[in-house]
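Single-letter residue listing:
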Amino acid sequence: MGKLKDAKVSPIKANPWNVPGQSLYERLINVVMDRLLFPLSVLMMLFGVFVTDLVYWWSSSVPNPIFSGILLLVGLVICLLFMLKAIRTADVIKKGLRGERAVGQFLEGLRTEGAQVFHDIQAENFNLDHVVIHESGIYVIETKTMSKNTKGRSELHYDGSQVTAFGKPLSRDPVEQVKAASYWLKELLKESTGKDLPVRGVVLFPGWYVQSRVNRPSVWVLNPKAFPTYLKNEATKIRTEEVFMASFHLSKYIRSL
């Protein structure tokens with residue numbers, strides 16, 4: 001018997017960190033593959049059957065294109081509905097993806113101030129868009145990319161509990177969403193480090209002006225450009241070694257996924 005070949009293993013021992021918007025990018029690929037390309041392939045197959053029957057019919061052979069033509073029309077309607085829905089979903093995802101990448105690139109600049117920055121952390125059936133670990137605290141950041149009017153001032157109002165646009169609350173409450181994400185991260189770090197580290201939720205709205213009615217809310221709702229100023233105005237809450245400790249444990253969690 002010949003010698004068994006040596007087993008091949010990947011040279012990468014741990015999973016790399018996610019890039020900004022990676023979950024949205026993967027979701028976009030799935031939407032395109034499952035809801036756009038699959039209906040298109042079915043439609044092309046039905047069209048091929050119809051053309052084949054049409055050729056037979058034109059040449060006075062037995063097959064009749066009526067049945068395949070009806071089948072093609074029904075398939076056309078169904079596939080177009082799927083494809084239109086996929087296009088709308090893809091547009092929403094692409095808008096969110098651009099926002100997360102833009103905010104992620106902006107947050108990377110905080111590394112010069114000693115911050116540790118993470119992107120797209122997978123949790124339990126949800127994800128954390130960004131996490132910034134800084135001497136002023138640990139921040140769970142949710143990015144919300146919303147379309148705005150071409151005319152007039154794009155302004156949001158925040159009363160400490162909810163965000164409103166044009167006098168109406170947002171359909172999905174980002175404040176409660178980031179509170180839940182912050183609690184999850186706080187418990188994760190508490191379990192792994194044994195320390196009760198300060199974790200704050202932050203919601204960033206690229207391109208929007210945010211008018212806040214409270215001085216020191218538990219959750220910050222800001223334009224991304226205002227976030228570094230808020231960090232500088234915060235007192236030191238964790239030591240430098242705790243910044244690296246929290247970063248190490250969070251990295252360890254990410255690489256275990």
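Residues numbered from 1 in each chain as written. Predicted model: local features only at pLDDT ≥ 70, side-chain atom pairs only at ≥ 80, totals over all residues. Heavy atoms only, no water.

J.: Hey, could you run me through the sheet that holds strand β6 (residues 168-169) in this one?
T.: Strand pairing in a sheet relies on backbone hydrogen bonds. The paired strands run either parallel or antiparallel. The sheet built from 4 strands is open, its strands ordered β6-β5-β4-β8 with mixed pairing. Where the open sheet ends on each side, the last strands, each with one partner, are β6 and β8 (209-212). Note that strand β4 (residues 155-158) and strand β5 (residues 163-165) share 3 bridges and pair antiparallel. Residue pairing across strands places Leu156 opposite Ala165, the latter belonging to β5. (Pairing = 2+ DSSP bridges. Helix = DSSP H or I, 4+ residues; strand = E, 2+ residues; numbered from the N terminus.)

J.: Mind showing me how you'd approach the sheet that holds strand β1 (residues 116-122) here?
T.: Taken in spatial order, the 5 strands of this open sheet run β1-β2-β3-β7-β9, and their pairing is mixed. Strands with a single pairing partner mark the edges of an open sheet, and in this sheet they are β1 and β9 (220-222). Averaged over all pairs of adjacent strands, the angle between strand axes in this sheet comes to 25°, irrespective of strand direction. Of the strand pairs in this sheet, strand β3 (residues 137-143) and strand β7 (residues 199-204) are connected by 6 bridges, and their pairing is parallel. By the bridge assignment, Ile138 is partnered in β7 with Val199. With respect to the sheet, helix α3 (residues 174-193) is in contact with β1, β2 (127-134), β3, β7 and β9, its orientation differing from that of β7 by roughly 145°. Of the strands in this sheet, β1, β2 and β3 touch helix α5 (residues 240-255), which is tilted by about 30° from β1. (Axes fitted to C-alpha atoms, helices over the stretch in contact; angles between N-to-C directions. Contact = heavy atoms within 4.5 Å.)

J.: Just checking my understanding: could you explain the packing of α3 against α5 for this structure?
T.: When two helices pack together, their arrangement is captured by the angle between the axes and the distance separating the axes. The geometry of α3 relative to α5 is characterised by a closest axis approach of 10 Å and an angle of 100° between their N-to-C directions. Taken together, the axes of α3 and α5 lie roughly perpendicular to each other. For the pair α3 and α5, the contacting residues are Trp184, Leu185, Leu188, Leu189, Ser192 and Thr193 in the first and Met245, Ala246, His249, Leu250 and Tyr253 in the second. The class makeup of the residues in the contact of α3 with α5 is 8 nonpolar, 3 polar and no charged. (Parallel < 35°, antiparallel > 145°, perpendicular 65-115°, else oblique. Nonpolar A, V, L, I, M, F, W, Y, C, P; charged D, E, K, R; others polar.)

J.: Which parts of the structure should I look at to understand the side chain of Glu142?
T.: When you line up the elements, Glu142 lands in strand β3. At a separation of 3.4 Å, a polar atom in the side chain of Glu142 contacts the side chain of Lys144. In this structure the side chain of Glu142 is engaged in a polar contact, spanning 3.2 Å, whose partner is the side chain of Gln177. When residues no more than four places from it in sequence are discounted, the contact partners of Glu142 are Asp129, Gln177, Val178, Val202, Val203 and Leu204. (Polar contact = N/O pair within 3.5 Å; in protein donor to acceptor, adjacent residues only side chain to side chain.)

J.: Which parts of the structure should I look at to understand the layout of surface pockets?
T.: Unfilled space is identified by rolling a water-sized probe across the atoms. In this model, the largest pocket occupies a volume close to 840 Å³. Around the largest pocket sit 24 residues that line it, and Leu24, Arg27, Glu142, Lys144 and Arg172 are the ones nearest its centre. Residue assignment for the lining of the largest pocket shows that the elements contributing at least two residues are α1 (22-58), α2 (65-108), β2, β3 and α3. Along the lines of polarity and charge, the residues of the lining of the largest pocket split into 9 nonpolar, 8 polar and 7 charged. Approximately 290 Å³ is the volume attributed to the second largest pocket. Taken together, 18 residues line the second largest pocket, and the ones lying closest to its centre are Asn215, Pro217, Trp220, Leu222 and Tyr230. Within the lining of the second largest pocket, the residues separate by chemical class into 11 nonpolar, 4 polar and 3 charged. (1 Å grid on protein atoms, 1.4 Å probe; cavity = no way out; pocket = protein on both sides within 12 Å on 5 of 7 lines; lining within 4 Å. Points joined across faces, edges and corners; volume = space filled by probe spheres on them.)

These values are about where atoms sit, not about what they do.
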